[in-house]
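What follows is each chain in one-letter form.
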Amino acid sequence: MTRKPLIAGNWKMNMDHAEGVSLLQKLAWTLDDANFNYDNAEVAVFPPFTDIRSVQTLVEGDKLNIVYGGQDLSDKDSGAYTGDISGAFLNKLGATYVLVGHSERRTIHGETDAICADKVQAAYRHGLTPVLCVGEGLEIREAGTHVDFTLEQLRGSIEGLSSEQAETLVVAYEPVWAIGTGKVATSADAQEMSAAIRAEIEKLYSADVAEKVRVLYGGSVKAASAPEILGEADVDGVLVGGASLDAEEFANIARFDSK
Ligand SMILES: O=C[C@H](O)COP(=O)(O)O
């Protein structure tokens, strides 16, 4: 079974809608100029909510082979939840994916595993594929309990997930100490955790489901480090922050295979 690599760019709170459109245009041109083979990897961007309508217009108008998603969604469907965004709205804008439980949501907005589990369910209710983020902080890594900690987060955040839903789940392992710090986990670190996540999915569901789930690595990924990380057996993609704001750098990450 081959899992198609997912090269995902999380723009975080960068790029207004006009900047976002030009970044995406440049990314598409750069990939086209390099004769990028979209069969080799799926390319996705996660712009701020206010950019998504413009991104949709560009993707549909220019028939780009690039998909997109939201950086978060509400666990509710509609109602008096000021400032929140329903998965229904993302679906209506043609989004494919949605990030759930990014460490910046977990730390800055206090999102717990239980909230993440509700958001994962909301994503499925609205036809979106959740990219569930998990990962340990520096203290936990130094204490050597990172695998247990991350698997606990995983179990708590997929509570109630059916086997059918789990098959399409994407899990992003992002060690918090490697996010935006320039410290990349080694490819062996990424492989260790990705394999542990897959083994846990097998335990909770089945070998068949575990074979289908894609596990991404995220944390200071650059074009130079991507090929080695993506060469690991259980790493099926990368979730890129800073480097996704540079079209050429991100395009080179997507072309990891051609190096
Ligand atoms: O979602 C992306 C991650 O937080 C990684 O961000 P970074 O590549 O800037 O370290």
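The rules behind each value
- Residues numbered from 1 in each chain as written.
- Predicted model: local features only at pLDDT ≥ 70, side-chain atom pairs only at ≥ 80, totals over all residues.
- Heavy atoms only, no water.
- UniProt positions renumbered as here; feature names shortened; annotations may be inferred.
- Buried < 20%, exposed > 50% of the residue type's maximum accessible area, 1.4 Å probe, protein only.
- Helix = DSSP H or I, 4+ residues; strand = E, 2+ residues; numbered from the N terminus.
- Pairing = 2+ DSSP bridges.
- Right-handed = clockwise from strand over helix to strand, strands pointing away.
- Expected span 1.5 Å × (residues − 1).

Where an unreviewed UniProt entry is consulted, the protein chain appears under the name Triosephosphate isomerase, with the organism given as Rothia terrae. The UniProt entry for the protein chain carries the following comment under Subcellular location (unreviewed entry): "Cytoplasm". Quoted verbatim from the Subunit (unreviewed entry) field of UniProt, the annotation for the protein chain is "Homodimer."

(A) Looking closely at the pairing of strand β1 (residues 6-10). Here β1 lies mainly inside the structure; 5 of its 5 residues are buried. By the alternation rule, side chains of β1 split into L6, A8 and N10 and I7 and G9, which are all buried. Of the strand pairs in this sheet, β1 and strand β2 (residues 42-46) are connected by 5 bridges, and their pairing is parallel. Paired with A8 across the bridge in β2 is A44. Crossover connection from β1 via helix α1 (residues 17-33) to parallel β2: handedness right-handed. Alignment of β1 against strand β8 (residues 237-240), held across 4 bridges, turns out to be parallel. Bridge pairing in β8 links I7 to V238.

(B) Just helix α7 (residues 146-157), in detail. Between its terminal C-alpha atoms α7 stretches 16 Å, which fits the 16 Å expected from 12 residues at 1.5 Å a residue. The complete set of buried residues in α7 reads H146, T150, L151, Q153, L154, G156 and S157.

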